[in-house]
Amino acid sequence: MNIEVQLTNYQNQLVLGTLLGTSSIIKPKKGRSAFLQVRESNSGDVNWFNCKAAELQNLARPHPIGQDKDSWHWISAVNPVWNNYLELCYKDGCKTVTQEWLHPLKDTAWATWFLDDGVEVNKIVCLKTARFGDKGNDLIAAYMTESGFECKVELNRGVRRIVLTEDSAERYMKLILPKFPKYLLDALSNSSCIGRSGL
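For clarity, every value in this text was computed on a predicted model and none was experimentally measured. (Residues numbered from 1 in each chain as written. Predicted model: local features only at pLDDT ≥ 70, side-chain atom pairs only at ≥ 80, totals over all residues. Heavy atoms only, no water.)

**Here we look at the side chain of S168**
Thought 1: Take S168: it is sitting in helix α7 (residues 166-176).
Thought 2: Among the polar contacts made by the side chain of S168, one reaches the side chain of T165 at a distance of 3.1 Å.
Thought 3: Setting aside residues no more than four positions away along its own chain, S168 makes contact with G148, F149 and E150. (Helix = DSSP H or I, 4+ residues; strand = E, 2+ residues; numbered from the N terminus. Polar contact = N/O pair within 3.5 Å; in protein donor to acceptor, adjacent residues only side chain to side chain. Contact = heavy atoms within 4.5 Å.)

Laid out in structure tokens, this is it:
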């Protein structure tokens, strides 16, 4: 029987943030416990993928990193702790954002979410949130506004995303920048775009 592992506060925030982004919890049909899968497309930022893998290395299964034709993936060991995240972040097999998921978020989780699924271009910050549907987007927008980051749900070629106002975007970036990995901070002075392209 697996003993439930304990994540550090930092690891918990990283997981909460990356589940809002590109990672997922998977529970095998015949298994008692779930596992965490962290993914990064082959055309994405593999350095960021490696940073997350390094922070979670004590939770990894043997030989956790692999690559297929579409993406890199890191897989944790199966453990009861991931069932807690499955219960928090999923409903009927789909990611479902809730107040219970959003309210514990701190700067590390905000930064992780942005680096997974956000972009800042010319003082405009966008978060890719289409997977959460109308209700989830409205909830995220309301929560961010309550947290001091005024924003709106915007349709971009039929795809929903959260767009922060310019003032809120500036404050948001000041909050999360100190949590960026060093390689990104070193590169920022040479780029007018931070985060994901194509949002």
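What follows picks up the thread again.
**Some thoughts on the packing of helix α1 (residues 9-20) against helix α3 (residues 81-89)**
Axes are the key here: two packed helices are described by the angle between their axes and the distance separating the axes.
Thought 1: Look at α1 against α3: their axes get within 12 Å of each other, and the N-to-C directions meet at 40 degrees. In terms of orientation, α1 lies oblique with respect to α3. Relative to α3, the crossing made by α1 is right-handed. In this structure, α1 uses N12, V15, L16 and L19 to contact α3, whose residues at the interface are W82, Y85, L88 and C89. (Axes fitted to C-alpha atoms, helices over the stretch in contact; angles between N-to-C directions. Parallel < 35°, antiparallel > 145°, perpendicular 65-115°, else oblique. Left-handed = near helix turned anticlockwise from the far one by under 90°.)

**Concerning the packing of aromatic side chains**
Thought 1: Applying the stated criterion across every chain yields a total of 10 aromatic pairs.
Thought 2: Taking 6.1 Å as the distance between ring centres and 85 degrees as the angle between the ring planes, the aromatic pair formed by W101 and F132 counts as edge-to-face. With W101 in helix α4 (residues 99-102) and F132 in the loop between β8 (124-128) and α6 (133-146), this pair connects stretches of sequence that are 31 residues apart. We note that W101, like F132, is buried.
Thought 3: Here W110 and F149 contribute two aromatic rings whose centre-to-centre distance is 5.9 Å and whose plane-to-plane angle is 65 degrees, an arrangement assigned as edge-to-face. In this pair, W110 sits in helix α5 (residues 107-117) while F149 sits in the loop between α6 and β9 (151-156), placing the two residues 39 residues apart along the sequence. (Phe/Tyr/Trp six-rings, centres within 6.5 Å; stacked < 30°, edge-to-face > 60°. Buried < 20%, exposed > 50% of the residue type's maximum accessible area, 1.4 Å probe, protein only.)

**Quick word on the packing of α1 against helix α2 (residues 46-55)**
Thought 1: Look at α1 against α2: their axes get within 10 Å of each other, and the N-to-C directions meet at 140 degrees. On the basis of their axis angle, the class for α1 and α2 is oblique. In the packing of α1 onto α2, the handedness of the crossing is left-handed. Residues Y10, Q11, L14 and T18 of α1 form the contact with α2, whose own contacting residues are W48, K52 and E55.
Thought 2: Taken together, the residues that form the contact of α1 with α2 break down as 3 nonpolar, 2 polar and 2 charged. (Nonpolar A, V, L, I, M, F, W, Y, C, P; charged D, E, K, R; others polar.)

**Brief notes about the sheet that holds strand β3 (residues 60-67)**
Thought 1: Ordered in space as β1-β2-β4-β3, the 4 strands form an open sheet in which the pairing is antiparallel. Looking at which strands have only one partner, the edges of the open sheet turn out to be β1 (24-26) and β3. Within this sheet the neighbouring strands show an average axis-to-axis angle of 25 degrees, counted without direction.
Thought 2: Both β1 and strand β2 (residues 35-41) contribute to a ladder of 3 bridges, which runs antiparallel. What sits directly across from I25, in β2, is L36.
Thought 3: Here α3 sits on the sheet in contact with β1, β2 and β4 (71-76), set at roughly 115 degrees to β1. (Pairing = 2+ DSSP bridges.)

**Overview of the pattern of salt bridges**
Two side chains with opposite charge may pair up if their charged atoms get near one another.
Thought 1: On inspection of all chains with the given rule, the structure shows 9 salt bridges.
Thought 2: Two residues, K152 and E154, come together in a salt bridge whose shortest N-O distance is 4.0 Å.
Thought 3: E154 is the salt-bridge partner of R161, the closest N and O atoms lying 2.7 Å from each other.
Thought 4: The class for R161 is buried, based on a relative accessible area of 16%. (Salt bridge = Lys/Arg side-chain N within 4 Å of Asp/Glu carboxyl O.)

**Comments concerning the environment of N47**
Thought 1: Structurally, the position occupied by N47 is in helix α2.
Thought 2: As for N47 and I65, which are separated by 18 residues in sequence, their C-alpha atoms are 13 Å apart.

**What about unusual backbone geometry?**
Thought 1: The backbone of N122 sits at a positive phi, close to 50 degrees, despite the residue not being glycine.
Thought 2: Positionally, N122 belongs in the loop between β7 (118-121) and β8.
Thought 3: Its identity as a non-glycine residue notwithstanding, K123 has a phi of 70 degrees, on the positive side.
Thought 4: Among the structural elements, K123 can be located in the loop between β7 and β8.

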